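Observations on chain architecture
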Amino acid sequence: MAGLVAAAALLIDYVMTVAVSIAAGSFAVTSALNAAGINITAITSVLPPFFNFNVILSLIFIGLITLGNLRGIREAGSIFAIPTYLFIFSFAAMILVGVIKVMTHSLTPASPHPFYLFWSR
């Protein structure tokens, strides 16, 4: 009985982790698109009013992860290694650039995007 409870808890934990991670990732993508100047409202105006762009993006991400996991353990490991290494190297590069800017005294505060200034009023 204890094993069944532990297995159920692990499955619930995995589903919640995927749901929260995918939702955060889709909001980060749409936020990055907005910050890059890509007009998300043009994309959402094409969709029916009951479709949300973040939900559609989340479903696409969940489908990609599902397809990757259905390939098997060895293949899924090699498929998911590429984004993991990309994240690690980009994070290391970001830290390195920050350290270099601190050492050369060229670190300046970032100015917020006008989109966010509009909503902070």
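Residues numbered from 1 in each chain as written. Predicted model: local features only at pLDDT ≥ 70, side-chain atom pairs only at ≥ 80, totals over all residues. Heavy atoms only, no water.

Let us look at the overall build of the chain. Along its length, the chain carries five helices and zero strands. Each helix (α) and strand (β) of the chain, taken in turn from the N terminus, gives the series α-α-α-α-α. Projected onto the principal axes, the alpha-carbon positions of the chain cover approximately 60 × 45 × 30 Å. Here the chain holds 121 residues, and 8% of them are scored as buried. Of all intrachain contacts in the chain linking residues separated by at least 6 positions in sequence, the fraction that spans at least 24 positions is 54%. Counting every atom, the chain has about 9800 Å² of accessible surface; 78% of that belongs to carbon and sulfur. (Helix = DSSP H or I, 4+ residues; strand = E, 2+ residues; numbered from the N terminus. Buried < 20%, exposed > 50% of the residue type's maximum accessible area, 1.4 Å probe, protein only. Contact = heavy atoms within 4.5 Å. Areas by Shrake-Rupley, 256 points an atom, 1.4 Å probe, with all protein chains shown as cover.)

So, on to the packing of helix H3 (residues 53–69) against helix H4 (residues 73–103). At a minimum axis distance of 8 Å, the contact between H3 and H4 shows a crossing angle of 140°. With respect to their mutual orientation, H3 and H4 come out oblique. In contact with Ile65, Gly68 and Asn69 of H3, H4 contributes Ala76, Ile79 and Phe80. Residue composition of the contact of H3 with H4, by class: four nonpolar, two polar and no charged. (Axes fitted to C-alpha atoms, helices over the stretch in contact; angles between N-to-C directions. Parallel < 35°, antiparallel > 145°, perpendicular 65-115°, else oblique. Nonpolar A, V, L, I, M, F, W, Y, C, P; charged D, E, K, R; others polar.)

For helix H1 (residues 2–35), spanning 34 residues, the distance from its first C-alpha to its last is 49 Å, which sits close to the expected 50 Å at 1.5 Å a residue. Among the residues making up H1, those that are buried are Ile22, Ser26 and Thr30. (Expected span 1.5 Å × (residues − 1).)

Scanning the entire structure with this criterion turns up three aromatic pairs. Here the aromatic rings of Phe87 and Phe91 are separated by 5.8 Å at their centres, their planes lie at 25°, and the arrangement is stacked. One end of the pair is Phe87 and the other is Phe91, both in helix H4 and four residues apart, which spans about a single turn. (Phe/Tyr/Trp six-rings, centres within 6.5 Å; stacked < 30°, edge-to-face > 60°.)

A cluster of nonpolar side chains, contributed by Tyr85, Phe87, Ile88, Phe89, Phe91, Met94, Ile95, Val99 and Met103, occupies part of the molecular surface with about 1000 Å² of accessible area. With respect to the helices, strands and loops of the structure, Ile95 is situated in helix H4. (Patch = residues over 30% accessible without salt bridge, like charges linked within 9 Å, V, L, I, M, F, W, Y side chains within 5 Å. Salt bridge = Lys/Arg side-chain N within 4 Å of Asp/Glu carboxyl O.)

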